[in-house]
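Structural description and commentary
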Amino acid sequence: SQQGEEDPQALSIQEGENATMNCSYKTSINNLQWYRQNSGRGLVHLILIRSNEREKHSGRLRVTLDTSKKSSSLLITASRAADTASYFCAYGANSKLTFGKGITLSVRP
Amino acid sequence: GAGVSQSPSNKVTEKGKDVELRCDPISGHTALYWYRQSLGQGLEFLIYFQGNSAPDKSGLPSDRFSAERTGGSVSTLTIQRTQQEDSAVYLCASSLTGERTQYFGPGTRLLVL
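Along each chain, the written sequence defines residue order, and numbers are assigned to residues from 1. Each chain takes a letter, starting from A, and each ligand takes a number, starting from 1, following the order in which they are written. Only residues with pLDDT of at least 70 are given local features in this predicted model, and only at 80 or more are side-chain atom pairs given and counted; all residues enter the totals for whole chains, interfaces and linings. Hydrogens and waters are ignored; side-chain quantities use all the structure's heavy atoms.

1. Section: the pairing of strand E7 (residues 75-79) of chain B
All names here are of chain B. Each residue's exposure class comes from its accessible area (1.4 Å probe, protein chains only) as a fraction of the maximum for that residue type: buried when under 20%, exposed when over 50%, partly exposed otherwise. Secondary structure counts use DSSP, requiring at least four H or I residues in a row for a helix and at least two E residues in a row for a strand, with both numbered from the N terminus. Within E7, five of the five residues are buried, which leaves the element mostly enclosed by the surrounding structure. Burial along E7 is two-sided: Ser-75, Leu-77 and Ile-79 facing one way and Thr-76 and Thr-78 facing the other are all buried. Only strands joined by at least two bridges in the DSSP assignment are considered to pair. Sheet topology note: the strand E6 (residues 65-69)/E7 ladder contains five bridges and is antiparallel. Its bridge partner being in E7, Ala-67 is matched across the sheet by Leu-77. Joining the antiparallel neighbours E6 and E7 is a turn of five residues, in which Gly-71 adopts a positive phi near 60 degrees.

2. Digging into the sheet that holds strand E8 (residues 71-76) of chain A
All names here are of chain A. Read across the open sheet, the five strands follow the order E1-E3-E8-E7-E6; overall the sheet is antiparallel. Edge strands, defined here as strands with exactly one partner in the open sheet, are strand E1 (5-7) and strand E6 (55-58). The mean inter-strand angle of the sheet, taken between neighbouring strand axes irrespective of direction, is 15 degrees. Of the strand pairs in this sheet, E1 and strand E3 (residues 19-24) are connected by three bridges, and their pairing is antiparallel. Only the stretch in contact is used when a helix axis is fitted, and all axes are lines through C-alpha atoms; the angle between N-to-C directions ranges over 0 to 180 degrees.

Printed below as a string of structure tokens:
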């Protein structure tokens, strides 16, 4: 299987804390993306990092990419209850993306 | 502007019946993808359309599944002789040519009894 791994599978934190989620992949890629999904419906794109980038920021989101280790992390700072959702990494070398199984984040008010 | 829309939102059918799921991509998006997501699982790629090129059907799980895209816009995913294991959320996404970001519809939740 080309599918990578995400960890942890589930994460529960207090509002205001930071949440770190990790993704590992097996194939060569030219980009890696993170998506969020609420209530099992459509996914929303959060951030994209290219294979020649090591770190990228967007608001409270920080994503890193280590191509030598084939891994990425997503950090959400100062979490809010509204951040409660499932988070998926997705990666590929062309237009097709491979999605991980997702990480369930619960942020307690 | 309008996002990706899918219909119906929910579909309940009996085993053995055929179903059609519809996806309206964002206007101007040349790429269209279908995925399947079973309960608590990640997304399983089904099929990919890019412009007028032959679709990539490598993810279709069996010959009961087919999809078409008419006029480079609306797409229909058809499942023939549905089975209980076909129960899942079917998600459609679209993107611009050369754009890696995919924009997802809300999905169709299919339940096969």
